[in-house]
Amino acid sequence: MGQIIGKTKDGKDITAYVISGGRLTAKVMDFGADLMELHVQMKDGSDRDIVLGYKDVEQYFFNDPNYGFIIGRNANRIGGASFTLDGVTYSLEKNDNKINNLHSGFTSIQRRVWDTKEEAADHVTFAIKSPDGDLGFPGNMEIEVTYTIDSADRLIIDYKGLSDKRTVFNPTNHTYFNLSGEGNGDILDTEVCIHADCFTATDNHSIPDGTDTAVEGTPMDFREFHAINERIEDDYEQLRMAGGYDHNFELSKDEKWHRSEFDHDGKKEYEAAEFRLPDKSLQVNVITDLPGVQMYTGNYISGKEYGKSGKLYVRRGGIAFETQYFPNAVNVPKYEQPVIEAGKPYFSKTIYEII
């Protein structure tokens, strides 16, 4: 059963749910369909919460870093805060440098109360309706997100969308991980491997223009494990402009990374990335059917806020792996398009596998 943990400014109850399986226990809430906590039982028997978040639910009303939120309708950036679909141009909120759209706008579905459609010991399904024209996007949409924890220590996020008009739909989860435990310093010693030969280079406002840049010979090459602090301060233009890593990697989807046990709805699932502590005591594998993953190293965490356990969240105190269609893809025809057809259900699945 859920527990009411607060109210919105207009008096709606906010309810949290606990789900568990194997060594994992998660706390999720219906405000923003947010992942508030993810606890791992370590080999020594201790409990460790490895995701960033707040103590007071009211802090989530602002939550500028988007800790744990489900982002939608469209994750990441759309250049010029507009796109054209079927000959119609749609204008969006210019909430990123007063030029571009980021995560669909400040009042998007991550800052609303969702309905709880189903709950059980190991999963919760949240649902929300987004009307035609909401946030500037076409189509009346029904959106569902299911969090599941299975017995093999995997957090599974299933996305479903249905629209009565052809529209853009590209949701993601914006959880920040710190494998040492939330609030326990920065993530610079975290070792990362990303299965990508290219990344989408951006302009100084983090908007890709269709330039695919090979990672080889650059600080963006994570085809083998590298610690974040090895190269994050390199004199490399893409890192300078973003203040660190905040880039979309174009997943290779080589058959050796195919995770067939998660295939669904005619889609193949691939291991996209791995990240771990340097002593290898904890590792997370990211698995997805989507073409890209954004690695963000918390470059703009303010260093002035305290997290849920009372510890200060320092700059780069968490790392996010956001599975997605490429940023600004709707304005770059060569990229796989984040467009769904009217009346045709959309399904996607992302897995965070703890080992």
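Note that this is a predicted model, so its numbers are computed, not measured.

Sorry, what's going on with the overall build of the protein chain here?
Scanning the protein chain for helices and strands turns up one helix and 27 strands. Over its C-alpha atoms the protein chain spans a radius of gyration of 19 Å, differing by no more than 12% from the 20 Å that the globule rule assigns to 355 residues. Principal axes of the C-alpha set define a box for the protein chain whose edges measure 60 × 50 × 40 Å. Looking at the protein chain residue by residue over its 355 residues, the buried ones come to 59%. By sequence separation, contacts in the protein chain at least 24 residues apart represent 65% of the contacts at least 6 residues apart. If the 38 positive side-chain charges of the protein chain are averaged to one point and the 59 negative ones to another, these points end up 2 Å apart.

Would you take a moment to explain the pairing of strand S1 (residues 3-7) for this structure?
Looking along a regular strand, one sees side chains alternate from face to face of the sheet. Sheet topology places S1 next to strand S2 (residues 13-21); four bridges connect them, and they run antiparallel. Residue pairing for S2: Gln3 is matched across the bridge by Ala16. Between S1 and S2, which follow one another and run antiparallel, lie five residues, and Gly11 among them has a positive phi close to 90 degrees.

Whenever I open this one, the nonpolar core confuses me. Can you help?
Side chains that are nonpolar tend, in soluble globular proteins, to be buried together. Core analysis: the biggest nonpolar cluster contains 62 residues, and Tyr147, Ile194, Ile228, Phe249, Met295 and Phe321 have the highest contact counts within it. It is strand S13 (residues 141-149) that contributes the most residues to this core, five residues altogether.

Honestly, the sheet that holds strand S14 (residues 154-163) in this entry has me stumped. Any pointers?
Adjacent strands of a sheet pair through backbone hydrogen bonds, lying either parallel or antiparallel. Taken in spatial order, the nine strands make up an open sheet running S11-S12-S13-S14-S27-S23-S22-S17-S20, and their pairing is antiparallel. Two strands close off the open sheet at either side, each with one partner strand: strand S11 (115-119) and strand S20 (226-227).

Quick question: what am I supposed to make of the packing of aromatic side chains here?
Where two aromatic rings form a pair, the distance of their centres and the angle of their planes describe that pair. Inspection of the entire model under this criterion finds 19 aromatic pairs. Between the aromatic rings of Phe177 and Phe275, the centroid separation amounts to 5.3 Å while the plane-to-plane angle is 65 degrees, which identifies the pairing as edge-to-face. Placement of Phe177 in the loop between strand S16 (172-173) and strand S17 (191-194) and of Phe275 in strand S22 (residues 270-276) is noted, with a sequence separation of 98 residues between them. Note on accessibility: Phe177 and Phe275 belong to one class, buried. One aromatic cluster in this structure is built from Phe31, Tyr54, Tyr60, Phe61, Tyr67, Phe69, Tyr176, Tyr296 and Tyr313. Directly above the ring of Phe225 sits Arg276, whose terminal nitrogen or CZ lies 3.6 Å from the centroid.

When you look at the sheet that holds strand S4 (residues 34-41) in this model, what are you seeing that I'm missing?
Taken in spatial order, the five strands make up an open sheet running S1-S2-S3-S4-S5, and their pairing is antiparallel. Looking at strand neighbours, the two that pair on one side only are S1 and strand S5 (47-49), the edges of this open sheet. When strand polarity is set aside, the average angle formed by the axes of neighbouring strands in this sheet is 25 degrees. Alignment of strand S3 (residues 24-29) against S4, held across six bridges, turns out to be antiparallel. Across the sheet, residue Met29 finds its bridge partner in S4, namely Asp34.

Would you mind showing me how to read the environment of Leu135 here?
Tracing the sequence through the fold places Leu135 in the loop between strand S12 (123-130) and S13. We classify Leu135 as buried; its relative accessible area is 15%. In this structure Leu135 touches Gly72, Arg73, Ser91, Leu92, Ser104, Thr107, Ser108 and Arg112, once residues within four positions along its chain are discounted.

What is the right way to look at the side chain of Gln294 in this model?
Structurally, Gln294 is set in strand S24 (residues 292-296). With a relative accessible area of 3%, Gln294 lands in the buried category. Within polar-contact distance, the side chain of Gln294 engages the side chain of Asn76 at 3.0 Å. A polar contact is formed between the side chain of Gln294 and the side chain of Asp246, at a distance of 2.9 Å. Not counting residues within four places of it along the chain, the set of residues in contact with Gln294 comprises Asn76, Asp246, His247, Asn248, Ala320, Phe321, Glu322, Gln324 and Pro327.

Reading guide: rules and limits
Residues numbered from 1 in each chain as written. Predicted model: local features only at pLDDT ≥ 70, side-chain atom pairs only at ≥ 80, totals over all residues. Heavy atoms only, no water. Helix = DSSP H or I, 4+ residues; strand = E, 2+ residues; numbered from the N terminus. Rg over C-alpha atoms; globule rule 2.2 N^0.38 Å. Buried < 20%, exposed > 50% of the residue type's maximum accessible area, 1.4 Å probe, protein only. Contact = heavy atoms within 4.5 Å. Lys, Arg positive; Asp, Glu negative; His and termini not counted. Charge placed at Lys NZ, Arg CZ, Asp CG, Glu CD. Pairing = 2+ DSSP bridges. Core = buried A, V, L, I, M, F, W, Y, C linked by side-chain atoms within 4.5 Å. Phe/Tyr/Trp six-rings, centres within 6.5 Å; stacked < 30°, edge-to-face > 60°. Lys NZ or Arg CZ within 6 Å of the ring centre and 35° of its normal. Axes fitted to C-alpha atoms, helices over the stretch in contact; angles between N-to-C directions. Polar contact = N/O pair within 3.5 Å; in protein donor to acceptor, adjacent residues only side chain to side chain.

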